[in-house]
Structure formats: structure tokens, C-alpha cells
Amino acid sequence: MSLQRFARVSVEQPTHAICVVGTKLEVDVFSCAPKGCTSFDVNGSAGVVVKTSPNLKGSRRPTSSSKWPLDGKAQVVVMMNAPSSSIDDQKVRISYYGSKEGPALGKAVLYLTGIQISLVADTNRSGKLGKSKAESDKKNWTWGPRGHGAVLLVNCDRDGPQTKGTDKDDNKVLNKEDLKDMSLMILRTRGPGDFFVQHQLILHTPKKDSDKVRVFLASGDDSLAQYEMVLGPRKASRVLEPVNGQQDRTFYIEGLAFPDADFSGLVSFSVTLLGRAHQDVPEVPIFEDTVVFRVAPWIMTPNTLAPQEVYVCRMEDNKEFVEAVATLAKKAKCKLTICPEAVNRNDQWIQDEIEIGYIQAPHKTMPVIFDSPRNRGLRDFSLKHVVGPDFGYVTREPKDGIVSNLDTFGNLDVSPPVTVRGKEYPLGRIIFGNSIFSRPKGTELIKVLRSFLYAQTVQAPVELFSGWLLVGHVDEFVSFVPAQDRKGFRLLLASPSSCFQLLREKQEEGYGSAALFEGISEYLLSLIGKKKMTIDDILSDETLSQHNDYVESCINWNRGVLKWELGLDEEDIIDIPQLFKLQKVPSPGDLTQVTSKAEALFPDLVNMVVLGKYLGIPKPFGPIVNGHCCLEEKVRSLLEPLGLDCTFIDDFSTYHVENGEVHCGTNVRRKPFSFKWWNMVP
């Protein structure tokens, strides 16, 4: 530890002390001074640096001697810059003098043994082990570009042959790839060999954190059997074997838990040197060195980051949809992964099942799936078919197993980087929806998900009101697309008012008889309680107008929240024409009551997949004007000036009829941020 150690000398017999290289040892020269002493001098051998304490810096030596005045402030600090080659090979001699000239009234000798004990980690965040600039660099983890502190990854991928769980779920090193997911820590010891035989070194971590990490000690050759677990769950300390005096011991550390409500993410490791004055008395601590690690957070990736892989489920009846997504992925030059029917078990909602983010340390970056607790047909997809070497996994599930639509990940998004009233969010802000504003018995995101998302710290969440929707997901009215100007993106919001405005324009142009759902069979529409409607029909439907006035007010609430929390202006927002209708459903928490919830009247244009500049947008089947869908043309006019490429994908019969769209049926793994999370200031 960095506390200044203390040694009291004696004129009656030599005193022995240990001096740790780089630390200060305060020597009490006052309490043993012979009666009548008024001054002293102090000298050290070649390997000792002797300094006066700060209290003596203002004192004046007599000009005719090397003596210091002796008073209650008389203290001396000694240091050693190199370890000893043998026990007691350095010394400090103190001589005491009276007020008159003459021989010393007494002499004290302090024999010193210099040792080096240091825990070394990548506190400079360079990806390599290095020497810390100061002791505080290791013990205090700080954020920011000038911050310091080591980083630890949760070892949540699967490098070994096990078929269940991830690498953190075993207590052994599986292979050399497994080691690459861990952070290095070296215990450096230097000094006389017989000194360490006579003393103990204990490596330890606080008991409350021992279940959050696992530490392996490397020894012997490169055999995997030579990696012994020394710290971990129910194992908070380990007495280390004696060393020969000149040795580095290498430890590999893996994280077992992400930051959460009961875990800040900070974990400390200490090595303590113990000694005893006599064999029959207990040991006492002599020196302690500590290093602090922070477990890397799980980070979401926004639409503005480059796509690397697109996921989609193949169903019995969605061949054309899969082909359209494949074509879009090819344009965007990213990998396509198709989840077959045997794996998805008739569950095409891959966006609701998972969110793909990443974790990062200076030495490694790894994609990590966050698996939702919905546990439907796709529940085994991640662990059995995606997780593997350098592809990790995390999930959170409530103890009672009860979840709602809000707890699926169509209700989870993240903004691009923003600056809000001078506060920077270089990794964006997580967004999710709740319905607690709508009714006293409204539902909200379950505690285990909410706690996890807030605990990651680096993407401070923004909570929206999504309870007005039948499904309740934010992706039904919010999306982000990249842009080259302003803040680097645009926020897209579903907008009934802009849709009515467009339809009125077309009516005034003489296209009032153009119909919504042209090309969709009457039978299919009847199955979902819809029918073909002309522009005139829509604009004259007072009930539909009232429904959308309500929806507009709900979206405007969220518009205000997003503008405030993301620091947006109106110029950063694009209104996408969209209409909704309300339907009666059982009220949450009281099935004897009914309430009204909104669903998209036609395929929800905001619910799109974004692959760089290529957008896969639900085909709305809007009124045909001059041979073109007027809704498609309007969306193109809004987005293509930003350099975006719009592809409209027919998802009506396979997704829209089940209250989902393109975004709900796809998922994307994206390139991580170039910005390193530890460089931000939360």
C-alpha cells in the first residue's frame, strides 16, 4: 500500500527494517535520543537515499556542522532504489550530540533489507503491460483520455468443446485461445532469496468480489495443466509459494460478471507481505500492493455504424423476404446468416430475441449477444448456433420467469453519438420504452433488464413512452439513419400528421380515388380486420382521424423527450408518413378491463433495417399515383437527398399481418466504435 511506513531506532541495539523499493520509510530519530541531546546527524550507505521530512525542510543547519537541531519535528525519510542482494546489506547511522562540542552521546544503527514487490497490469490501457507512473495509477481507476486503470473482459465466448454455457462457466483454462480473452497481471518480486523463504506473500481480492472474477497462475511449461486457479468463487485469497528472490509470476484474470445493480464493475487485487518477529506470535502485514481492474461494459451499436453481418430466419412462407434481405446484404457487402426452420422453430422475430453488441479491452474486442428473456422458438439459437470462439453471450432473466412484450429487444435501441448541453455521449444513449405513463397498472421494463442497461454506464439510457402501442416497441415509431451533415444522423419518427398532409395533397391533385392496399387480396386483409381504403375514405374517416390524433400526441411526447435527452433540433428529425388504428385489448394487470392500443394501419415505414446507406423499408402498399406508390415516393424524397438508397421489401403476408415488419424480422452485427469506452467521462 502507498502509506508511508515507520521505523523506530534505538541507541541500545541495532534495529532492522524492510524497505520496499520506491516507497518511503519514515525513521523516528527523536524518541530514542539520549538525555541532553540537542542535535543529530544521519548518514546512509551507498544504496540508501536519506531525505529530511517536509517538517525539516524549513529548518536551518548550523553553518559550521552537518548536524540538525533535535526537536519534536525531527524526522528522517529513507528510500532504496534497488533491492538488496543479501539481508541487512544496507544501513542508516544516526549520531546524537549535546549542546557542547564533544563526542556523540549515542548512536543508533538501522539495518535495511531492500525488496521489490509489485503487481503489474495494463493500467496505461496500451494493450501491453507497463510500469505505472505512480502508485495511484494502479489503485484508483479513472475515466477519460488521461485516465488510468486496467480493463477486464467477461470471458463469455466459447473457445472450448463444451456444449453448454461459456468459458466463464468452468474453472480451467481450455486452450491458448481462452487465455487471449483474459487480462494479464504480473507479480514482480526482487530481493534476497532467503528473505522470501522467511516471509509469506498472499494474493487476495475482497470476498464480495471473489465470485465476479477468476485468476489463474501460470507455472512450468506451456502445458494447459500448468494454469492453476488461485482465486475465484468462494476462494478470495491464496498463500503463494516462496520465490527465489528474482522472479515474475504471471496471472491470467477472467471476468465472470458484467456490471449490474449489485456490482460496480470494479475489482481489486492485492498482494500482502506478512512477517513475524518470533515464531510464537502471529504474522503482521509489512507491505501491500494493489491494482484495480474495471470489467468492460456491454456496448450497443447504432445504425450509423457499418454493418458486418445480417441475420434473418427462413420460414415456410417467407422465401421472397429472405431473398430481398440477401440482396440488400450483398449491396452493403456484409455477411448473411440465415437461421433455418429447424432452429428457429417457427419464430421469425429475431430482432426481438437478441441484440448484438460488443465488449472491449485494450488487448481485445469481441462481439457479444445480449439474449432477451422472451424464450420462444429462437431461445436456443444464440448459444447453440452463434456463440463460439470470440463471440460472446450474456442474458438476464427474472426469477419468476414473467416477461412482457416490453422485455423483448424490438423495444431496445441506441442513438448515435450525441452532445447534450455540453455533455458528450460518444457511444450514444440506449433507448427503451415503458407503458408506466398510461395506467396505474401499466407495465415497464423488468428490473433485471433495466438494472443491467443502466449499470453499463457508458450509454446512459433514455426511457420513452411506448405503452400506447399494441406490441409496445420503440422500433415501431423510432429509427436512426446515417447522414453526412449536421450531427451525422437523422432521427426518423412515425408521423400521422405528415401522412394526412400527403394524402390531402394527393386528393387536391385529383387522386382521391387511389386506394391503400392495392395489390393485397381482400381475403388477406379480412384476416387482419382491414380493408382497401381510398384516399377519400381515409380523409373522411373521423374515427381514424381521432385515433391518429391520439397517436400523434403520444409520439409528440416522445419527440420532446428525444430532443431534450439527445440534444436534437427539429432539423435533426424527419417525419415519416404513417397511420395507426386503435383496437381494444385486455388492460395490463386487470384482464376484466379493456384498453385501446395502436397498431400500424399499413406496413410501418419506420420499422426498417439500416445497412450503411442501404435501407430495407417495409413496402407500404400505398395509393398509386402516376404509376408509383405515393408513400414510397414521399419516403424517397425525404431520405435519398441524404445519400441513402431505399429498397422497399414486401413483408405484408409474413410479418405485417402478425404486427411486425422488416426490422423485427432481421438483426445486424455492426463494426464497433473506434472510440474506446474508457476514454469517455460518464
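Residues numbered from 1 in each chain as written. Predicted model: local features only at pLDDT ≥ 70, side-chain atom pairs only at ≥ 80, totals over all residues. Heavy atoms only, no water.

Novice: So what's going on with the packing of aromatic side chains? Residues and values would help.
Specialist: One pass over the full model with this rule turns up 21 aromatic pairs. For the pair W143 and W677, a centre-to-centre distance of 5.6 Å together with 70 degrees between the ring planes defines the contact as edge-to-face. Residue W143 is found in the loop between α1 (136-139) and β10 (150-152), and its partner W677 is found in the segment after β41 (666-670); the two are separated by 534 residues along the sequence. What makes W143 partly exposed here is its relative accessible area of 22%. Pairing W298 with F370 gives two aromatic rings, centres 5.1 Å apart and planes at 65 degrees, and the pair type is edge-to-face. With a gap of 72 residues between them, W298 in the loop between β18 (284-295) and β19 (307-313) and F370 in strand β22 (residues 364-371) connect regions that are remote in the sequence. Each member of the pair, W298 as well as F370, carries the same accessibility label: buried. Within the aromatic cluster, the residues linked to one another by ring pairs are F258, W298, F370, F409 and F452. Cation over ring: R294 sits above W141, and NZ or CZ is 4.7 Å from the ring centre. Between the NZ or CZ atom of K423 and the centre of the ring of Y425, over which it lies, the distance is 5.9 Å. (Phe/Tyr/Trp six-rings, centres within 6.5 Å; stacked < 30°, edge-to-face > 60°. Helix = DSSP H or I, 4+ residues; strand = E, 2+ residues; numbered from the N terminus. Buried < 20%, exposed > 50% of the residue type's maximum accessible area, 1.4 Å probe, protein only. Lys NZ or Arg CZ within 6 Å of the ring centre and 35° of its normal.)

Novice: Describe the pairing of strand β9 (residues 106-120), with residues and values.
Specialist: Counting buried positions over the 15 residues of β9 gives 12, a clear majority of the element. Two strands pair when backbone bridges link them, and strand β2 (residues 15-20) and β9 are joined in this way by six bridges, in the parallel orientation. What sits directly across from A17, in β9, is L112. In this sheet, β9 lies alongside strand β8 (residues 90-97) in antiparallel orientation, the contact comprising seven bridges. Across the sheet, residue Q90 finds its bridge partner in β9, namely L112. Pairing of β9 with strand β11 (residues 183-190) involves five bridges; the strand directions are antiparallel. Opposite L119, over in β11, you have L187 as the bridge partner. (Pairing = 2+ DSSP bridges.)

Novice: Give a description of the sheet that holds strand β1 (residues 5-8) that names residues and reports values.
Specialist: The strands making up a sheet associate through hydrogen bonds between their backbones, and the pairing can be parallel or antiparallel. What the four strands build is an open sheet, ordered β1-β3-β7-β5; its pairing is mixed. Edge strands, defined here as strands with exactly one partner in the open sheet, are β1 and β5 (48-52). When strand polarity is set aside, the average angle formed by the axes of neighbouring strands in this sheet is 30 degrees. Taken together, the four bridges between β1 and strand β3 (residues 25-28) define a ladder with parallel strand orientation. The partner of F6 across the bridge, within β3, is E26. (Axes fitted to C-alpha atoms, helices over the stretch in contact; angles between N-to-C directions.)

Novice: Go over the packing of helix α9 (residues 496-508) against helix α12 (residues 542-566), please, and point to the residues and values.
Specialist: One can describe the packing of α9 onto α12 by two numbers: an axis separation of 9 Å at closest approach and a directional angle of 135 degrees. When the axis of α9 is compared with that of α12, the two are oblique. On α12, the residues touching P496, S497 and F500 of α9 are L544, S545, N548, V551, E552 and I555. Taken together, the residues of the contact of α9 with α12 break down into five nonpolar, three polar and one charged. (Parallel < 35°, antiparallel > 145°, perpendicular 65-115°, else oblique. Contact = heavy atoms within 4.5 Å. Nonpolar A, V, L, I, M, F, W, Y, C, P; charged D, E, K, R; others polar.)

Novice: Explain the nonpolar core to me, and be specific about the residues and the numbers.
Specialist: Judged by nonpolar contacts, the single largest core of 70 residues is most densely connected at W468 and L639. Not counting the four nearest positions on each side in its chain, L639 is found in contact with L492, I574, M608, L615, I617, L644 and C646. Counting 69 residues, the second largest nonpolar core, distinct from the first, contains I18, V215, I446 and W678. (Core = buried A, V, L, I, M, F, W, Y, C linked by side-chain atoms within 4.5 Å.)

Novice: With reference to specific residues and values, describe the side chain of D572.
Specialist: With respect to the helices and strands, D572 occurs in the loop between α12 and β33 (573-577). One polar contact links D572 to K487, side chain to side chain, over a distance of 2.7 Å. When sequence neighbours within four positions are dropped, the list of residues in contact with D572 reads R486, K487, R490 and L491. (Polar contact = N/O pair within 3.5 Å; in protein donor to acceptor, adjacent residues only side chain to side chain.)

Novice: Before we move on, can you summarise the packing of α9 against helix α13 (residues 630-639) with the specific residues and values?
Specialist: Interaxial distance between α9 and α13 falls to 11 Å at its minimum, and their mutual angle equals 120 degrees. Considered as vectors, α9 and α13 are oriented oblique to each other. Judged by the sense of rotation from one axis to the other, the crossing of α9 with α13 is right-handed. Counted together, C499, L502 and K506 of α9 and C630, L631 and K634 of α13 form the full contact between these two elements. Of the residues belonging to the contact of α9 with α13, the class tally is four nonpolar, no polar and two charged. (Left-handed = near helix turned anticlockwise from the far one by under 90°.)

Novice: Give a description of the pattern of salt bridges that names residues and reports values.
Specialist: According to the stated counting rule, one finds 34 salt bridges in the structure shown. Taking the shortest distance from any N to any O, the salt bridge between D181 and K364 comes out at 2.3 Å. One end of the pair, D181, is in the loop between α2 (176-180) and β11; the other, K364, is in strand β22, and 183 residues separate them in sequence. You can call D181 buried: its relative accessible area is 1%. R396 is paired through a salt bridge with D260; the nearest N and O atoms lie 2.7 Å apart. Residue R396 is located in the loop between β23 (392-395) and β24 (412-414), and its partner D260 is located in the loop between β16 (246-255) and β17 (266-275); the two are separated by 136 residues in the primary sequence. With a relative accessible area of 18%, R396 lands in the buried category. Salt bridges linked by common partners bring R486, K487, D569 and D572 together as one network. (Salt bridge = Lys/Arg side-chain N within 4 Å of Asp/Glu carboxyl O.)

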